[in-house]
Amino acid sequence: MLTYILRRILFMVPVTLAISLVAFIIIQLPPGDFITALTAQMAENNETLDPETLAALRDRYGFDQPMIVQYWKWITGIVFRGDFGQSFEWSRPVADLIWDRLGLTLIVSFATLVFVWVLAFPIGIYSAVRQYSWGDYIATFFGFIGLAVPNFLLALVLMYLSSRYLGASVGGLFSAEYVNADWSWGRVVDLLNHLWVPVIVLGTGGTAALIRIMRANLLDELKKPYVELARARGLSETRLLLKYPVRVALNPFISTLGWILPTLVSGAVVTAIVLSLPTSGPLLLNALFAQDMYLAGGFILLLSILTLIGTLVSDLLLAWLDPRIRYE
Amino acid sequence: MSELPVLERELPADRPADPKSTAVAGQWRLIWLRFKRHRLALWSGAIVLLIYFVAVFSDFIAPTTAGYYNADYTYAPPQRIRLWGEDADGQRHLLFVYGYEASVDPIALTRTYEINEDEVIGIGFFVRGEPYRFWGLFPTDIHLFGPTEAGQPFYLFGADRLGRDVFSRTVHGTRVSMSIGLIGVAISLALGILLGGVSGLAGGWLDEVIQRVIEFLKSIPTIPLWMGLAAAIPLNIHPLIVYFWITVILSLIGWTDIARIVRGRFLALKTEDFVTAARLDGCGQQRIIWRHMVPSFMSHLIASTTLAIPAMILAETALSFLGIGLRPPVVSWGVLLKEAQSILAVANAPWLFLPGLAVIVAVLALNFLGDGLRDASDPYGN
């Protein structure tokens, strides 16, 4: 097991490097740079910057150097000093802007993951055991709706319904008095009060997929002879179900963590923009529009690493659950 | 336990083969028989065909052009189609909608609409309306259906902030939204078969490299990656080129799944008896691949491809909604839903959500169709 863990962690190193390179190339792709975006923005407001200031800015951020040099400066800064560079638009270090929002992204994603599992597990089992019952049809129906409705549309509809019938706004993660407050018990409660909307919006798609996977796997297992044997030996249905087939069907359930996390992080970006959550999504979008390249690059890099870690955790969990995988 | 399959397999050998019997039916016939049993998939297939039909003839089917607007009817609510009724003079009418009675709030300058039962707007087929070029080639002004008198208000899905017909725009959006999925999948399929095939057949370091690339691409969260790439498309280039780049970006991830399937199938088939038999018969490598191996997993591949289209449609919708995918004047479902972005507009005009209904129907139908195809793709199991 230990060698397996080590191998997996070692494998992450080149992948992380490759991701950092791709992230850097992506943020370099748009024509022009932040300075051109800035001058265009100022020209709109009928302001101009004199050429010397522009040249000084270019020089300071190293825009004149070849790309590989810029990349090297950027990545060594991150690795050795935890310095993600300067956000041009905010005139603040990127690291200051990112961590807070990344933490909230993590909270939203994790809460959604728990929501998805807690909901999908019993419904999946029920759907398989009572195949073709009314409950199964209802679960399947809602499952497909969850798969087909785009996240942002669901968020909009929820916002519309709640503003119309509950008279409450559901945007954001905090009430007005807690937005800029320090962490306290009240702020945590306030967060939980707001968290349910993004969690539902983000969770429906994943829940639907997991219910279908659980159902299909359990249906396969239920037909196997060992279930028949256990029944013949007089085990009660519940005990029989939970002790054998459910445990086998759980395997793919754990491994979904690997692919569900990237989808959650992805979905969280779009949903956060609609619901104006203080997570990474809106800031990333703005940074992309403003060509605030170090901010955008930092987000893309960290979100990717977050996903990598999630995949690693799921692989380790799976290896712990199913010894066959370790020795492959 | 049904006895039927057993009986079919034990058909007496001396009886002349019945062409309808499953024992002698070819692979594609078996797949069709299997698929037909899946009612939901069958209906979904019909709906998918219908949607693509609409996509092909969208400019003819839509009651008006995508850009047509009438400032007198901004945010007009949807009209209900009446099959029959009477107007104020007691005259009977078939198939019509009522007109609007608009009043302007002098302070807020917002318009409110009420149904005006005095004004009957008849719906006709093959009516003359806004002129357009069918497929961009043939100038005409005939629309499949619309108000019998050109220029009368006809808003089945309501109107947007400029007084444009949401229904017509949804129909026009079908072409872009549905084709982006199709073209994106075609690119994914080409890349997936090529790289997956190379990976599975050649093996060795090439296989290793391709597998690592796939793992790498799959570990990047797609939306931030797409956002980054889509933001890199310059604003001032032709919408058609934007459209092309968006499909390329979407297929960047899409090909990985298909490549994995192809590779897995090639690996599994390499050691199959029928492949060995073909080799012993003196078949060349190319013939073995294209005549013996590829047909045996083609059906499965088609099913996976169908399931990949809805994901692309959803992705395009999300990107356009964020304003980094397709942009007006291109009309796609995502572009239309961008109108529904501000909660204020939506509270006053919830019908702006209706293009979302088109997305949901299309995605559901494609999912069910793909599910049915996947179940049917291996008719020899069970």
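Note that the coordinates shown come from a computational prediction; the quantities given were computed from them, not determined experimentally. (Residues numbered from 1 in each chain as written. Chains lettered and ligands numbered in written order. Predicted model: local features only at pLDDT ≥ 70, side-chain atom pairs only at ≥ 80, totals over all residues. Heavy atoms only, no water.)

**Student:** How do you make sense of the overall build of chain A when you look at a structure like this?
**Tutor:** Helix and strand counts for chain A stand at 14 helices and two strands. Looking at chain A as a whole, 48% of its 328 residues qualify as buried. The contacts in chain A between residues at least 6 apart in sequence include a share of 75% that link residues at least 24 apart. By element, 65% of the accessible surface of chain A is carried by carbon and sulfur atoms, the whole surface being about 16700 Å². (Helix = DSSP H or I, 4+ residues; strand = E, 2+ residues; numbered from the N terminus. Buried < 20%, exposed > 50% of the residue type's maximum accessible area, 1.4 Å probe, protein only. Contact = heavy atoms within 4.5 Å. Areas by Shrake-Rupley, 256 points an atom, 1.4 Å probe, with all protein chains shown as cover.)

**Student:** Help me out: how do you make sense of the overall build of chain B in this one?
**Tutor:** From N to C terminus, chain B includes 13 helices and four strands. With the principal axes as the frame, chain B shows a C-alpha extent of 85 × 60 × 45 Å. Long-range pairs, those at least 24 residues apart, make up 65% of the contacts in chain B with a sequence separation of at least 6. Here chain B has roughly 19600 Å² of accessible surface; of this, 64% comes from carbon and sulfur atoms. Taken as two groups, the 30 positive and 33 negative side-chain charges of chain B have centres that lie 10 Å from each other. (Lys, Arg positive; Asp, Glu negative; His and termini not counted. Charge placed at Lys NZ, Arg CZ, Asp CG, Glu CD.)

**Student:** It is not clear to me how the sheet that holds strand 1 (residues 82-86) of chain B should be interpreted in this structure. Could you clarify?
**Tutor:** By definition, the strands of a sheet pair up through backbone hydrogen bonds, in either a parallel or an antiparallel sense. Residues and elements named next belong to chain B. Taking strand neighbours across the sheet as the criterion, the four strands line up as 1-2-3-4 in an open arrangement whose pairing is antiparallel. Lying at the two open borders of the sheet, with one neighbouring strand each, are strand 1 and strand 4 (138-147). The sheet shows a mean angle of 60 degrees between the axes of neighbouring strands, taken without regard to direction. Pairing geometry for strand 3 (residues 111-134) and strand 4, over eight bridges, is antiparallel. Bridged to V127 within strand 4 is H143. (Pairing = 2+ DSSP bridges. Axes fitted to C-alpha atoms, helices over the stretch in contact; angles between N-to-C directions.)

**Student:** I'm lost on the interface of chain A and chain B in this one. Help?
**Tutor:** How big an interface is tends to be reported as the loss of accessible area on association of its parts. Chain A puts 38 residues into the contact, and the matching count from chain B is 40 residues. With both chains or domains summed, chain A and chain B bury close to 3300 Å², and 84% of this area falls on carbon and sulfur atoms. Put simply, chain A and chain B have one salt bridge between them. Where chain A packs against chain B, one counts one residue pair in polar contact (both at pLDDT 80 or more). (Buried area = accessible area lost by both parts, 1.4 Å probe. Salt bridge = Lys/Arg side-chain N within 4 Å of Asp/Glu carboxyl O. Polar contact = N/O pair within 3.5 Å; in protein donor to acceptor, adjacent residues only side chain to side chain.)

**Student:** Can you help me understand a negative patch on the surface in this one?
**Tutor:** Residues and elements named next belong to chain B. Together, D89, E101, E114, E117 and D118 make up a negatively charged patch on the protein surface. A total of three residues in the negative patch trace back to one element, the largest contributor, which is strand 3. In this structure, D118 sits in strand 3. Residue D118 is classed as exposed on the basis of its relative accessible area of 56%. (Patch = residues over 30% accessible without salt bridge, like charges linked within 9 Å, V, L, I, M, F, W, Y side chains within 5 Å.)

**Student:** What exactly am I supposed to notice about the confidence of the model for chain B here?
**Tutor:** Parts of the model with low pLDDT should not have their predicted coordinates read in detail. All names here are of chain B. Overall, the predicted model of chain B reaches an average pLDDT of 80, with 92% of residues at or above 70. The secondary-structure element of chain B with the lowest mean pLDDT is helix 1 (residues 4-9), recorded at 47, while helix 3 (residues 39-56) shows the highest, at 89. Across residues 1-12 the pLDDT falls below 50, and counting only partners more than four positions away or on other chains, this stretch makes four contacts in the model. ipTM for the predicted complex: 0.76, alongside a pTM of 0.80. (pLDDT = per-residue confidence, 0-100.)

**Student:** Where do I start with unusual backbone geometry in this structure?
**Tutor:** Only a minority of non-glycine residues have a phi that is not negative, and only a minority of peptide bonds are not trans. Residues and elements named next belong to chain B. Of note in the backbone geometry, Y75 takes a positive phi value of approximately 55 degrees without being a glycine. Note that Y75 resides in the loop between helix 4 (58-61) and strand 1. Relative accessible area serves as the criterion here: at 29%, Y75 is assigned to the partly exposed category.

**Student:** Honestly, the pattern of salt bridges in this entry has me stumped. Any pointers?
**Tutor:** Pairs can form between side chains of opposite charge whenever their charged atoms are close. Within the structure shown, the criterion is met by twelve salt bridges over all chains. In this structure, A:K224 and A:E221 form a salt bridge, with 3.3 Å as the shortest nitrogen-oxygen distance. Judged by relative accessible area, A:K224 falls into the partly exposed class, the value being 35%. As a salt-bridge pair, B:E339 and B:R164 come within 3.7 Å of each other at their nearest N and O atoms. Placement of B:E339 in the loop between helix 11 (333-338) and helix 12 (343-348) and of B:R164 in the loop between strand 4 and helix 5 (166-202) is noted, with a sequence separation of 175 residues between them. A residue is classified by how much of its surface remains accessible, and B:E339, at 18% relative accessible area, is buried. Using a relative accessible area of 14% as the deciding quantity, one classes B:R164 as buried. Members of the salt-bridge network, linked through shared partners, are B:D160, B:R161, B:R164, B:R169 and B:E339.

**Student:** Can you help me understand the domain arrangement of chain B in this one?
**Tutor:** All names here are of chain B. If you check the domain split of chain B, you get domain 1 (70-164) and domain 2 (170-376). Placing the centre of domain 1 and that of domain 2 at their C-alpha centroids yields a distance of 39 Å. If you look at the interface, domain 1 gives eleven residues, while domain 2 gives eight residues. Approximately 720 Å² of surface area, both sides summed, lies buried where domain 1 meets domain 2, with 64% of it carried by carbon and sulfur atoms. (Domains from an automatic or database assignment.)

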